[in-house]
Number of protein chains: 2
Amino acid sequence: MKIIVDCMSGDNAPEEIVRGALEGKQKENVELLLVGNEAAIREVASKYNFSLDGCTIVENTGENITMEDDATSVVKEKNESSMAVALKLLKDGQGDGMVSAGNTGALLTGATLILRRIKGVRRPALGAVLPFGTPTLLADAGAQAVCAPEDLVMFARMGSMYMNKVMGVENPKVALINNGAEECKGTDLQKETYQALKNIPEINFAGNIEGREIFDGEYDVLIADGFTGNIVLKTCEGAGKFVKKCLSDVFYRNFSSKIAYLFAKGSVNQLRKDTSYDSHGGAPFLGIAKPVIKGHGSSNHISIAACVGQAKRYAESGMIEYIASLKTSSTEEKDA
Amino acid sequence: MKIIVDCMSGDNAPEEIVRGALEGKQKENVELLLVGNEAAIREVASKYNFSLDGCTIVENTGENITMEDDATSVVKEKNESSMAVALKLLKDGQGDGMVSAGNTGALLTGATLILRRIKGVRRPALGAVLPFGTPTLLADAGAQAVCAPEDLVMFARMGSMYMNKVMGVENPKVALINNGAEECKGTDLQKETYQALKNIPEINFAGNIEGREIFDGEYDVLIADGFTGNIVLKTCEGAGKFVKKCLSDVFYRNFSSKIAYLFAKGSVNQLRKDTSYDSHGGAPFLGIAKPVIKGHGSSNHISIAACVGQAKRYAESGMIEYIASLKTSSTEEKDA
């Protein structure tokens, strides 16, 4: 099992990416294909006392993609970036899965154009993991602003399978994000999706959920079009930041509250850990023909190590092959 | 100035509603028209030592509307409920504005069918107030699941005017909720709305905002279709509940953290107050031809008193008359 890592993308690249990849390698017992500046990669390995046994380094020649770059740059002016080279190596079968913490739009565009979609999948989805209670997969978290009911049904299928085969959740509970609990709620998209989902026996469909239930962590897969999903994802991120701000406000308000912090410190740190995105790894691109895991832009080494494990389990799961064998989507488009 | 209060709707009716209305009367110097069970109303007044001077009580004869009732019940089998009677009294000019903490769907349906829309407004919006930083008005928070760009533009106009004239915000900053900051982001709805909003000089349009910026409280009016707005509103409510849960987790985790609470108590209570929906009152129905303020279902007396003040300032603002004089909507429908 070999995982390809884009070492030059993300806010903390290359140091945290390379460090995390090497930690992941040790923990997950995989080989690595590290794409990026060889000297920088070797420097990080030596700084953290990691051997590079079982690692291949591929140095890319072009400029790397930044968070500000246009999504199409990965196949145009920056097609020799670490991200583009990593995608091409994955396409060529040089590795079994890939991790990148780079520009989401570019990675999705690159994955769609270079790796292609799974046969029968009309639209790929970004499956973000929300860290409230047990991990919850939100699909689509922003890949497709406009979706049809059959896309949402496919997201439910793929999300359910991912949580089962990659995250080890038995019979994952799937819910549709809507503006009310009742069957009749939502726009035509939600109404039609609801009717379709309740008739698919292999999906454990629990019905509609409203925004306030997201934090309860009672569901394993949340389904939405990419516009709604992106709003939900970012509102949850904002809420997370808000919780941190509230805690710091509570403890830094006055002398008495500062003393309180001395007693509560351990407890606060535990909460930070419980609600951190780090240990849950990254977001899978569901519907792409090879396993790609997108780490958060601000990923640290802990998060990247978790992404390596996710990519490994995604590749091992056989899920992509299974989805390809389904081809049940009524609106299947022919892949050229 | 006379405010009509639906005393029998809401989780805490009639006690908290009547108590809050009477507090609001005192604070805002208004008269009240209290709709509901006369004996119950008199009992609450006497329990809290309020005089009923300046109050008229209208006893409704029919069954009251519950949170589970169908939205159309207000004009059908429950057209003699406290809510329906209050709406009809407002329609007949027996009061200047109205407050209800009842079933949102029923109140909106009743308001639309009994009070009608303002001429030139195609779709009314629910304008919820978010309590992060300075109060922010979210419109539409759930009245219309499907909207056109001209609806969103009207929400921006009305929301902006409401924050200025009712909430006293100078030159309110308006933002469009979207899946990215750039002009080109979103579905056709957001793209077209963006282009329209940036060309209206009387709207202080600050561009798109993403979900994570909602908690910063930097904007005065947030615009969205009712589906998206409802998801945002309820995700924010969920986040608020989550903050409370996190705080209680932090302090109840172990012995040391329980001691911490003794020192942090005052500070925690201040945070609870700052992020409470109570003191900000309720949600205006923007685009309805008379001022209706919807209190949260779980409103207590503090919240209802604030709603009475809001209804008064909404009625005084002359905003409804001004919107009617505009009739700028290109898709204006004729009110029969």
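Residues numbered from 1 in each chain as written. Chains lettered and ligands numbered in written order. Predicted model: local features only at pLDDT ≥ 70, side-chain atom pairs only at ≥ 80, totals over all residues. Heavy atoms only, no water.

Draft legend 1. A look at the nonpolar core. Within the largest apolar cluster, 110 residues are counted, with the highest numbers of intra-cluster contacts made by Phe251 of chain A together with Phe251 of chain B. Each residue touching phenylalanine 251 of chain A, except ones within four places of it in the same chain, is listed here: Ser257, Lys258, Ala260, Tyr261, Ala264 and Val268 of chain A together with Val250, Phe251, Ala264 and Ser267 of chain B. Core analysis: the next-biggest nonpolar cluster, separate from the first, contains 58 residues, Ile3, Cys55, Phe205 and Ala311 of chain B among them. (Core = buried A, V, L, I, M, F, W, Y, C linked by side-chain atoms within 4.5 Å. Buried < 20%, exposed > 50% of the residue type's maximum accessible area, 1.4 Å probe, protein only. Contact = heavy atoms within 4.5 Å.)

Draft legend 2. Molecular detail of the side chain of lysine 25 of chain A. Residue and element names in this part refer to chain A. Here lysine 25 lies in helix α1 (residues 15–28). An unpaired buried charge is present at lysine 25: no salt bridge exists, and aspartate 53, the closest side chain of opposite charge, is 6.8 Å distant. Once residues lying within four places of it in the same chain are set aside, the contact partners of lysine 25 are Val30, Leu32, Ser51, Asp53, Gly54, Cys55 and Val308. (Helix = DSSP H or I, 4+ residues; strand = E, 2+ residues; numbered from the N terminus. Lys, Arg positive; Asp, Glu negative; His and termini not counted. Salt bridge = Lys/Arg side-chain N within 4 Å of Asp/Glu carboxyl O.)

Draft legend 3. Molecular detail of the relation of the copies chain A and chain B. By a simple turn and slide, chain A fits onto chain B: the slide is 0.0 Å along the axis, the RMSD is 0.1 Å, and the turn is 180 degrees. A rotation of that kind, with that shift, is consistent with a two-fold axis. For chain A, the residue whose C-alpha comes nearest the rotation axis is alanine 260 of chain A, separated from it by 2.1 Å. Both copies share a contact surface, since 100% of the interface residues of chain A are interface residues in chain B too. (Least-squares fit on C-alpha atoms with pLDDT ≥ 70 in both.)

Draft legend 4. Seen up close, the packing of aromatic side chains. Scanning the model with the defined rule gives 7 aromatic pairs over all chains in all. Centroid distance phenylalanine 215 of chain A to phenylalanine 242 of chain B: 5.4 Å. Interplanar angle 35 degrees. Geometry classified as tilted. With phenylalanine 215 of chain A in the loop between β8 (204–209) and β9 (221–223) and phenylalanine 242 of chain B in helix α7 (residues 226–252), the pair connects residues from two separate chains. (Phe/Tyr/Trp six-rings, centres within 6.5 Å; stacked < 30°, edge-to-face > 60°.)

Draft legend 5. Local environment of the pattern of salt bridges. Overall, the coordinates contain 32 salt bridges over all chains when judged by the stated rule. Across the pair glutamate 16 of chain B and arginine 19 of chain B runs a salt bridge whose closest N-O atoms are separated by 3.6 Å. One end of the pair is glutamate 16 of chain B and the other is arginine 19 of chain B, both in helix α1 (residues 15–28) and 3 residues apart, which spans about a single turn. Like arginine 19 of chain B, glutamate 16 of chain B is buried. Note that aspartate 69 of chain B is salt-bridged to lysine 78 of chain B, the shortest N-O span being 2.5 Å. A network of salt bridges, in which partner residues are shared, links Glu210 and Arg212 of chain A together with Lys234 and Glu237 of chain B.

Draft legend 6. Just the sheet that holds β9 of chain A, in detail. All names here are of chain A. Taking strand neighbours across the sheet as the criterion, the 11 strands line up as β3-β2-β1-β4-β11-β10-β5-β6-β9-β7-β8 in an open arrangement whose pairing is mixed. Edge positions in the sheet fall to β3 (55–58) and β8, since each of these pairs with one other strand and no more. Each strand of the sheet is rotated relative to its neighbour by a mean of 25 degrees, with strand direction disregarded. Relative to strand β10 (residues 283–286), strand β5 (residues 125–130) is paired through 2 bridges, and the arrangement is antiparallel. Within β10, the position partnered with alanine 125 by the bridge is leucine 286. In the packing of α1 onto the sheet, the strands contacted are β1 (2–6), β2 (31–35) and β3, and the crossing angle to β2 comes to about 170 degrees. Its contacts with the sheet put helix α5 (residues 149–165) on β5, β6 (136–139), β7 (173–177), β9, β10 and β11 (292–294), and the angle it makes with β9 is roughly 170 degrees. (Pairing = 2+ DSSP bridges. Axes fitted to C-alpha atoms, helices over the stretch in contact; angles between N-to-C directions.)

Draft legend 7. Here's a closer look at the sheet that holds strand β9 (residues 221–223) of chain B. Residues and elements named next belong to chain B. Spatial strand order, β3-β2-β1-β4-β11-β10-β5-β6-β9-β7-β8: 11 strands in an open sheet with mixed pairing. The open sheet has two free edges, formed respectively by β3 (55–58) and β8 (204–209), since each of these has just one partner strand. With direction set aside, neighbouring strand axes in the sheet form an average angle of 25 degrees. Against the sheet, α1 makes contact with β1 (2–6), β2 (31–35) and β3, and its axis sits at roughly 170 degrees relative to β2, the strand it touches most.

Draft legend 8. View of the interface of chain A and chain B. Taken together, the contacts link 47 residues of chain A with 47 residues of chain B. Where chain A abuts chain B, roughly 4,100 Å² becomes buried across the two surfaces, and 72% of that area is made up of carbon and sulfur atoms. Our count for the chain A to chain B interface comes out at 4 salt bridges. Put simply, glutamate 237 of chain B and arginine 212 of chain A hold a salt bridge, and the shortest N to O gap is 2.4 Å. (Buried area = accessible area lost by both parts, 1.4 Å probe.)

Draft legend 9. Layout of the packing of helix α5 (residues 149–165) of chain B against helix α6 (residues 188–197) of chain B. Residues and elements named next belong to chain B. Here α5 crosses α6 at 50 degrees, and the two axes come no closer than 9 Å. One way to sum up the angle between α5 and α6 is to call them oblique. Where α5 crosses over α6, the handedness of that crossing is right-handed. On α6, the residues touching Pro149, Leu152, Val153 and Ala156 of α5 are Leu189, Glu192, Thr193, Ala196 and Leu197. Considered class by class, the residues forming the contact of α5 with α6 number 7 nonpolar, 1 polar and 1 charged. (Parallel < 35°, antiparallel > 145°, perpendicular 65-115°, else oblique. Left-handed = near helix turned anticlockwise from the far one by under 90°. Nonpolar A, V, L, I, M, F, W, Y, C, P; charged D, E, K, R; others polar.)

Draft legend 10. Seen up close, the environment of aspartate 69 of chain A. Residue and element names in this part refer to chain A. The residue aspartate 69 is located in the loop between β3 and α3 (82–91) in this model. Distance in space between the C-alpha atoms of aspartate 69 and glycine 105 is 9.0 Å, their sequence separation being 36 residues. In contact with aspartate 69, other than residues within four places in its own chain, are Asn64, Lys78 and Asn103. Looking at aspartate 69, its side chain comes within polar contact range of the side chain of lysine 78, at 2.6 Å. (Polar contact = N/O pair within 3.5 Å; in protein donor to acceptor, adjacent residues only side chain to side chain.)

Draft legend 11. Inspection of the side chain of glutamine 144 of chain B at higher detail. Inspection of the secondary structure assignment puts glutamine 144 of chain B in the loop between β6 (136–139) and α5. Sequence-distant contacts of glutamine 144 of chain B, that is, excluding residues within four places in its chain, are made with Arg123, Pro124, Asp225, Gly226 and Phe227 of chain B.

Draft legend 12. View of the pairing of β3 of chain A. Residue and element names in this part refer to chain A. Here β3 shows a buried face lined by Cys55 and Ile57 and an unburied face lined by Thr56 and Val58. Across 4 bridges, β2 lies against β3 in parallel orientation. Residue pairing for β3: leucine 33 is matched across the bridge by threonine 56. For the handedness criterion, the β-α-β arrangement of β2, helix α2 (residues 38–47) and β3 is classed as right-handed. (Right-handed = clockwise from strand over helix to strand, strands pointing away.)

Draft legend 13. Looking closely at the confidence of the model for chain A. Mean pLDDT over chain A: 91, with 96% of residues reaching 70 or higher. Interface scoring of the predicted complex returns ipTM 0.84; its pTM is 0.87. (pLDDT = per-residue confidence, 0-100.)

Draft legend 14. Spotlight on α2 of chain A. Residue and element names in this part refer to chain A. Taken together, the buried positions of α2 are Ala40, Ile41, Val44 and Ala45. End-on, the buried residues of α2 take up no more than an arc of 135 degrees, which puts them together on one face. Turned more than 90 degrees away from the buried face of α2, the exposed residues are Ala39, Glu43, Ser46 and Lys47. Tucked into the core, α2 has its buried residues touching α1, β2 and β3. With a side-chain oxygen positioned 3.2 Å from the backbone nitrogen of alanine 39, the residue opening α2 is asparagine 37. One or two residues past the end of α2 sits asparagine 49, with phi positive at roughly 60 degrees. (Arc of directions from axis to C-beta.)

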